[in-house]
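# Notes for the structure review
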Amino acid sequence: MSELRVRFAPSPTGYLHVGGARTALFNYLLARQSGGTFVLRIEDTDTERSTQESVDAILDGMAWLGMRPDEGPIYQSERFEHYKSKVQQLLDEGNAYRCYCTPEELDAKREAAMKAGEKPKYDGTCRNREDQPTGQAHVVRFKAPLDGETCFNDKIKGNICFQNTELDDLIIQRTDGTPTYNFVVVIDDAEMKINLIIRGDDHINNTPRQIQLYRALGYDVPEFAHVPMILGSDKKRLSKRHGATSVMAYRDMGYLPEALTNYLVRLGWSFGDEEIFAFGDLLEKFSLDNVGKSAGVFNPEKLLWLNAHWIKNGNSARLARLLKEYLDEKGVDTTDGPNLVMVVESLQERAQTMLEMADGAVFYFTPEVEFDPAAEEKFFKSETKPVLECCRKHLSALGDYNHDAIEGCMKAVMEELGLKFGKIGPVLRVALVGGTQSPSIYHVVEVLGKERVMARIERALTRF
RNA sequence: GUCCCCAUCGUCUAGCCCGGCCUAGGACACCGGCCUUUCACGCCGGCGACGGGGGUUCGAAUCCCCCUGGGGACGCCA
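Bear in mind that the values here come from a model prediction, so they are computed numbers and not experimental data.

## A few points about the sheet that holds strand β4 (residues 96-99)
Overall, antiparallel pairing links the three strands, which are arranged β4-β5-β8 in an open sheet. This sheet does not close on itself; its edge strands, each paired only once, are β4 and β8 (171-173). The average undirected angle you get between the axes of adjacent strands in this sheet is 45°. Strand direction decides the pairing type here: β4 and strand β5 (residues 139-142), joined by four bridges, are antiparallel. Considered in β5, the bridge of Ala96 is made with Phe142.

And the structure:
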């Protein structure tokens, strides 16, 4: 096969959702691993519903996931004149005809057919019409073959055949002169030399019509690979009522792009028992051969687990930059706080999302921590005051605040007081973070540094 | 309703094409235990599936047929 050319062709009527992102990822991966070309085409022939905001949202989502098109975005709305000439070509060659039936008539016929238990399809009223009044409103329909069958060998689903009697004469140009999806998708894929079309399997039913169009237009028919749908927990097609479906919503919730990518590609595709795939692994291992045929249920828990994994194993400097963004969004000022990389390292193992990490990091940047009433009552009592005072004494004498030194310092406190760590750590923790949950206390002391630690102990001592 | 697609633990899946190695493997979730200064991480263990019925075969999760179930499409949306 010649160089692979694939495409992602979303319609800009909303944000980039996880289903679209997955098919885009499949296309992108295949292009990248074979040195092929990934084209982005915006299917905006529905001028009513297409918006620039949606185009931007889709571009943002793709950029966040790291997908850069090699060609495009190409806008179909800029090619209307060209499509018109193709309609004319079909008309001239007798492969299309004008249809004057009104939408109301069509609706009535459709309903009647449904009621009669038949497949609702255009009855061909105008197909053999002799007169062609020019001033009258009309659409243009493709003159589809009446018998025989149309088959294709899907790279994922295998051989699929449709009886041509099941298909009707589809509209290729609307009353307002704009072309329709099934028509332009064929022209563009053919002219952009797309040789493998990877898309959702809800397009399987459109494929035979499109193949007929390829033939009528004199184009080579490309290969197809129909990817199974993503379903919600109720096994219905995934939609907003199942929860977040927008790719960028996952960013906002604190997910890492590599986690979403890992999850989305793994959903419906597998490589033995492996679960963790970095982008490089996917490049090396992804193949259409291992894509399953059945639809898959979107499982937020597994995505969350993967996200925790990628946070745990992420580069702390990079995570620190990301954490700052989430902290900024929360209105937490990090300018005079402790070192962000150290903050990340203390929280990496216990955060499932970056948002969770940000929540857990707030105390580092809050000089006047808010004391949890229950914790305060339990640990700030007259008998624990000496404990905190002893911590103050030893920690103020300590010069180098590194983990081992701090641990040694606390040992000295334990020895002097004759107490176990369990009687000391919690008191110091409440004094430094305000509550009973935090990273290891040694880490907290180290990350905070001497100046902040001393200030917080002083402040806590006033609460007894 | 008609057409198309699909069918292994609750979920994602391995195994299926080239039947025996499957008393069906892994992962998420869940339950128990260990570790532990808190919360987590981690580790160990447990629960849990071949939709049903017919064939073919010495032998079927694997091959064939029917049924059932689920999904999708049926638009002057894409």
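That covers the picture; the talk isn't over yet.
## Describing the side chain of Ser54
If you trace the backbone, Ser54 turns up in helix α2 (residues 52-64). Judged by relative accessible area, which is 8%, Ser54 ranks as buried. A distance of 3.4 Å separates the side chain of Ser54 from the backbone oxygen of Pro12, its partner in a polar contact. Beyond its immediate stretch of four places on either side in the chain, Ser54 contacts Pro12, Thr13 and Gly14.

## Here's the deal with α2
The end-to-end C-alpha distance of α2 is 18 Å, a good match for the 18 Å that 13 residues give at a rise of 1.5 Å each. Buried residues belonging to α2 abut β1 (5-8), β2 (37-42), β3 (71-75), α7 (247-252) and α8 (257-266).

## Notes on the protein's contact with RNA strand B
Residues in close proximity to RNA strand B total 59 residues, the closest being Arg49, Arg174, Thr175, Lys236 and Arg350. Counting only the atoms of RNA strand B that lie within 4 Å of the protein, the sugar and phosphate share comes to 70%. In the environment of RNA strand B, a sugar or linking oxygen lies 2.5 Å from a nitrogen or oxygen atom belonging to the side chain of Arg49. At 3.3 Å from a phosphate oxygen of RNA strand B is found a side-chain nitrogen or oxygen belonging to Trp305. Elements that contribute at least two residues to the surface near RNA strand B include exactly α4 (103-115), β7 (158-163), α5 (181-191), β12 (296-297), α10 (300-312), α17 (421-433) and α18 (441-461). In terms of residue count, α10 provides more of the surface near RNA strand B than any other element does, four residues in total. A per-class count over the surface near RNA strand B returns 18 nonpolar, 18 polar and 23 charged.

## Observations concerning the layout of surface pockets
Each pocket or cavity is described by its volume, and for the largest pocket that value is around 1,100 Å³. For the lining of the largest pocket, the secondary-structure elements that each account for two or more residues are β1, α1 (18-34), α5 and β9 (196-200). Residue-level mapping places the lining of the largest pocket at the junction of two domains, with at least three residues from each of domain 1 (5-69 + 231-304) and domain 2 (78-227). In this structure, the second largest pocket occupies an estimated 210 Å³ of space. Take the lining of the second largest pocket: its biggest share by element is five residues, from α4.

## Digging into unusual backbone geometry
Phi is mostly negative for residues that are not glycine, and the peptide bonds are mostly trans. Residue Pro73 is bonded to the preceding Gly72 through a cis peptide linkage, with omega at 5°. The residue Pro73 is located in strand β3 in this model. The backbone phi angle of Lys193 is positive, close to 55°, even though this residue is not glycine. In this structure, Lys193 sits in the loop between α5 and β9. By relative accessible area, which is 57% here, Lys193 ends up exposed.

## Some points on the nonpolar core
Within soluble globular proteins, side chains that are nonpolar tend to cluster in buried spots. Counting 104 residues, the largest nonpolar core has Phe298, Leu323, Tyr364, Leu395, Leu428 and Leu432 as the members making the most contacts within it. With eleven residues, α18 is the largest single contributor of residues to this core. Setting aside its immediate chain neighbours within four residues, Leu432 contacts Phe363, Val369, Ile441, Val444, Val445, Leu448, Val453, Arg456 and Ile457. Judged by nonpolar contacts, the second largest core, of 32 residues, contains Val87, Val140, Ile187 and Leu213.

About the thresholds
Residues numbered from 1 in each chain as written. Chains lettered and ligands numbered in written order. Predicted model: local features only at pLDDT ≥ 70, side-chain atom pairs only at ≥ 80, totals over all residues. Heavy atoms only, no water. Pairing = 2+ DSSP bridges. Helix = DSSP H or I, 4+ residues; strand = E, 2+ residues; numbered from the N terminus. Axes fitted to C-alpha atoms, helices over the stretch in contact; angles between N-to-C directions. Buried < 20%, exposed > 50% of the residue type's maximum accessible area, 1.4 Å probe, protein only. Polar contact = N/O pair within 3.5 Å; in protein donor to acceptor, adjacent residues only side chain to side chain. Contact = heavy atoms within 4.5 Å. Expected span 1.5 Å × (residues − 1). Near = heavy atom within 4 Å. Nonpolar A, V, L, I, M, F, W, Y, C, P; charged D, E, K, R; others polar. 1 Å grid on protein atoms, 1.4 Å probe; cavity = no way out; pocket = protein on both sides within 12 Å on 5 of 7 lines; lining within 4 Å. Points joined across faces, edges and corners; volume = space filled by probe spheres on them. Domains from an automatic or database assignment. Core = buried A, V, L, I, M, F, W, Y, C linked by side-chain atoms within 4.5 Å.

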